[in-house]
Amino acid sequence: KMINKPQESIQESQPENEFQWNKIWKNYYFCLKFFIMMKSFNSFVVFLIISFPIQLLSQTTYFVSTSGSNNNNGSNTNPFETIQYAIDISSPQDTIQVDTGTYYENLICNKSITIMSSDPLDTNVVLNTIINGSDTASCLWIVGSNPMIDGLTIEHGFTSGSPGGGGIHIQSNSNAIIDHCYIQNNSGPQYTWCNGIQIEEGSSIVRNTTLRWNTSWRYTLFNHLSTATFENLHVYGNVSNGAFSENSAIQGHYFTTKILNCVVVNNQSNGIGFFYGLNYPNHERSINHSLIYGNTGYGLILGTWAQETLNQDKHYCEVVNSIIGSNDEGSILVNPFINQPTYSTITEISHSWIESGFDTIGTSSKVIINIDSTNIIDSVFLETDLTLTPNSPAIGSGDSNLTLLGYTITSPNLDYIGNNRPLPANSNPDMGPYESMLGVPLGVIDTQIKSETSNVQIYPNPTKGMIQLISPEVPYSFEIMDFTGKLIKSHLITENNHSIDLSSIENGVYIYTI
């Protein structure tokens, strides 16, 4: 039998911000009958009837458009006008879909909802679905909730002092996901910690997102006291204009910070920084398959606050499968704040290219850097778009599963732009965020094939002009082709030791066959 529950009593029984009964498809009270047979001197049957509510929950999608009205019902054909209004009336698990346009709002989200553009995978849609903070306050504060922000441009936010986060500020144990977003043109005055994204507490993920053209006193993306994962990020063109040596595009303080498939390039600051201290010594701070390149400071800085020199071993950082180079000040700076730390800091580096080595302030034996020299390459060749050239030694020089300092670090299955990793399958992955189509550099793969099919030795490779061919067996043919298959040179070799002049060929990478 169905019993209609009075609306007033239902509302009284629901805590604030819980699912609202007016959003339930049907309100049913079911009666269940329990039959209990009891035997004693006289047998009898007791019928116990218990009633309880069954909620059939609906997850509502609200729509927002610059041409809408907050007097509408938020449907696709009658959208709301402001995102904040949609947030205020939404319930957990709801979705707010925002149409293209510019929304001049400073949002506060305290609900576990999804706020998204109409197509987060379409860059044109994302760049034209804009939350503009009007340079007056943060564009978005996330407080005590677990929302997903997907496919939005967050710009012209402003914050002063600490806490920062002119674009997005995340606090109060929130577990947010920021996906497919552009965080750009956010700013703040002197003494502002961060003006891109600042994460204070909880466990948040920022992925598939670009942070660019933000101006701050210290950091662009700042993980302060949370567990954070930063994956597939493009961080470039940001400015940190403070006087502190730890100013960085990405900064991790104290807790776990995992950086994967990130491109951190051409920022007016250091690239990435990890700082230790307080009571948080043993957390994973890892950089995996990332490129830190062309920044005005150091590529990576490691250190502590001067007032936080507690005697706690050990503070860890792992750098694997990554490329750090062409940063103005150098590749890595260790301990920029104090000369004699009272605890050990250990940095483990493997399967990477680190240009120019390290600078260390102070001579303390507590600063320990372990380098797996057998898996460190001494050169890397990059295209103008910072992908690997076909003859780069970084191709096939990575490792998909490493255990360093007690932490297992695994390569993501996809690279920065969505290619499978590794390529080809069953090969070793490449260093850096981009996966080449080759399993090993072109020159290496050709040489390996020749060593199996003939006794011909070819050197030097790469060459500046002359190459030498040595073989105990003659004659044989030697051909050079470009990537289109066009024949560039052809020789019939009749000498055991033969030289060929290639100086007339334009610089590039070629395929040869014997």
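In this convention, every chain numbers its residues from 1, walking through the sequence in written order. Where totals are concerned, whole chains, interfaces and linings use all residues; where local detail is concerned, this predicted model gives features only for residues with pLDDT of at least 70, and gives and counts side-chain atom pairs only at 80 or more. The side-chain quantities take in all heavy atoms of the structure and omit both hydrogens and water.

Visitor: Where do I start with the overall build of the chain in this structure?
Guide: Counting from the N terminus, the helices are the DSSP runs of H or I reaching at least four residues and the strands are the DSSP runs of E reaching at least two. Along the backbone of the chain there are 4 helices and 42 strands. The buried share of the chain, taken over its 514 residues, is 48%. A separation of at least 24 residues holds for 69% of the contacts in the chain among residues at least 6 apart in sequence. Accessible surface area values rest on a Shrake-Rupley calculation with a 1.4 Å probe, where residue burial reflects the displayed protein chains alone. Split by element, the accessible area of the chain, about 23500 Å² in all, is 50% carbon and sulfur. Relative accessible area decides the class of each residue, using a 1.4 Å probe on protein chains only: under 20% of the type maximum gives buried, over 50% gives exposed, and in between gives partly exposed. Whether two residues are in contact is decided by their heavy atoms, any of which lying within 4.5 Å being enough.

Visitor: Teacher, can you tell me more about the pattern of salt bridges here?
Guide: Pairing between side chains of opposite charge can happen when their charged atoms approach one another. Any Lys or Arg side-chain nitrogen located within 4 Å of an Asp or Glu carboxyl oxygen qualifies as a salt bridge. The tally for this structure, following the rule as stated, stands at 3 salt bridges. Between E284 and K258 there is a salt bridge, and its shortest N-O distance comes to 3.9 Å. Placement of E284 in the loop between β24 (270-276) and β25 (285-288) and of K258 in strand β22 (residues 257-260) is noted, with a sequence separation of 26 residues between them. The exposure class of K258 is partly exposed, given its relative accessible area of 32%.

Visitor: It is not clear to me how the environment of M431 should be interpreted in this structure. Could you clarify?
Guide: For M431, the location among the structural elements is in the loop between β36 (407-410) and α4 (442-453). Look past the residues within four positions of M431 in its chain and what remains in contact with it is N321, I323, H351, S352, W353, N375, I377, L388, A394, S397 and G398.

Visitor: It is not clear to me how the pairing of β24 should be interpreted in this structure. Could you clarify?
Guide: When you tally the buried positions in β24, you get 7 out of 7 residues, the bulk of the element. Pairing of strand β21 (residues 248-253) with β24, which is carried by 5 bridges, proceeds in the parallel orientation. Looking across to β24, one finds that H253 is bridged to F275. Whether two strands pair depends on DSSP finding at least two bridges between them.

Visitor: I'm lost on the packing of aromatic side chains in this one. Help?
Guide: Any two aromatic rings considered together are summarised by their centre-to-centre distance and by the angle between their planes. Two rings from Phe, Tyr or Trp (for Trp, the six-membered ring) form a pair when their centres are within 6.5 Å of each other. A pair whose planes differ by under 30 degrees is stacked, one over 60 is edge-to-face, and the rest are tilted. Applying the stated criterion across every chain yields a total of 8 aromatic pairs. For the ring pair W213 and Y236, a centre distance of 6.4 Å and an interplane angle of 85° mean the geometry is edge-to-face. Placement of the pair is W213 in the loop between β16 (203-212) and β17 (215-216) and Y236 in strand β19 (residues 227-236), with a sequence separation of 23 residues. Accessibility expressed as a relative area gives 21% for Y236, which makes it partly exposed. One cation-aromatic arrangement involves R218 over W193; the distance from NZ or CZ to the ring centre is 4.7 Å. Counted as over-ring charges are cases with an Arg CZ or a Lys NZ within 6 Å of the ring centre that also lie within 35 degrees of the ring normal.

Visitor: Would you mind going over the nonpolar core with me for this structure?
Guide: Proteins that are soluble and globular tend to have nonpolar side chains buried together. Here, nonpolar core means buried Ala, Val, Leu, Ile, Met, Phe, Trp, Tyr and Cys residues that are tied together by side-chain atoms lying within 4.5 Å of each other. Judged by nonpolar contacts, the single largest core of 54 residues is most densely connected at I115, I197 and F230. Here the element with the most residues in this core is β19; it accounts for 4 residues. The contacts of F230, once residues within four sequence positions are left out, are I199, V206, L221, N223, I250, T257, K258, I259, L260 and C262. L291, W353, L386 and Y434 belong to the second-largest nonpolar core, a separate cluster that totals 14 residues.

Visitor: I would appreciate a short explanation of the environment of P429 in the present structure.
Guide: Looking at the element boundaries, P429 is found in the loop between β36 and α4. Owing to a relative accessible area of 2%, P429 belongs among the buried residues under this scheme. For the pair formed by P429 and H289, sequence separation is 140 residues and the distance between their alpha carbons is 9.3 Å.

Visitor: How do you make sense of the confidence of the model for the chain when you look at a structure like this?
Guide: Close reading of the predicted structure is inappropriate where its pLDDT is low. In predicted models, pLDDT denotes the confidence assigned by the predictor to each residue on a 0 to 100 scale. Looking at the chain as a whole, its pLDDT mean stands at 81, while 77% of the residues score no less than 70. A low-confidence stretch, residues 1-56 stays under pLDDT 50, and its non-local contacts, those more than four residues away or across chains, total 67 contacts. Between residues 306-310, whose pLDDT stays under 50, and residues either more than four places distant or in other chains, the model counts 14 contacts.

Visitor: I would appreciate a short explanation of the sheet that holds strand β40 (residues 487-493) in the present structure.
Guide: Consider a sheet: its strands pair through backbone hydrogen bonds, and that pairing is either parallel or antiparallel. Reading across the sheet, the 3 strands line up as β40-β39-β42 and stay open at both edges, with antiparallel pairing between neighbours. Single-partner strands in this sheet number two, and they are β40 and β42 (511-513). Recorded for the sheet is a direction-independent mean angle of 15° between the axes of neighbouring strands. Here strand β39 (residues 476-481) runs beside β40; their pairing, made up of 6 bridges, is antiparallel. Bridged to E479 within β40 is S490. Orientation is described by axes fitted as lines to C-alpha atoms, over the contacting stretch for helices, and by angles from 0 to 180 degrees between their N-to-C directions.

Visitor: Sorry if this is basic, but what is going on with the sheet that holds strand β37 (residues 457-459) here?
Guide: Within the open sheet, the 3 strands sit side by side as β37-β38-β41. Their pairing is antiparallel. Edge positions in the open sheet fall to β37 and β41 (497-501), since each of these has one partner strand only. With direction set aside, neighbouring strand axes in the sheet form an average angle of 20°.

Visitor: I would appreciate a short explanation of the pairing of β16 in the present structure.
Guide: Consecutive side chains of a regular strand alternate in pointing toward one face of the sheet and then the other. Relative to β16, strand β13 (residues 177-179) runs parallel, the two sharing 3 bridges. Considered in β16, the bridge of I178 is made with V206. Across 3 bridges, strand β14 (residues 182-184) lies against β16 in parallel orientation. Across the sheet, the residue bridging to Q184 is R212, located in β16.

Visitor: Explain the side chain of N195 to me, please; I cannot follow it from the model alone.
Guide: Summarising the element assignment, N195 is placed in strand β15 (residues 194-199). For this analysis, a polar contact is any N or O atom pair within 3.5 Å, provided that within protein one partner can donate a hydrogen and the other can accept it, and provided that sequence-adjacent residues contribute only side-chain to side-chain pairs. Engagement of the side chain of N195 in a polar contact is seen with the backbone oxygen of T215, the distance being 3.3 Å. When residues no more than four places from it in sequence are discounted, the contact partners of N195 are T159, G165, G166, G167, N186, S187, G188, N214, T215, S216, Y219 and T220.

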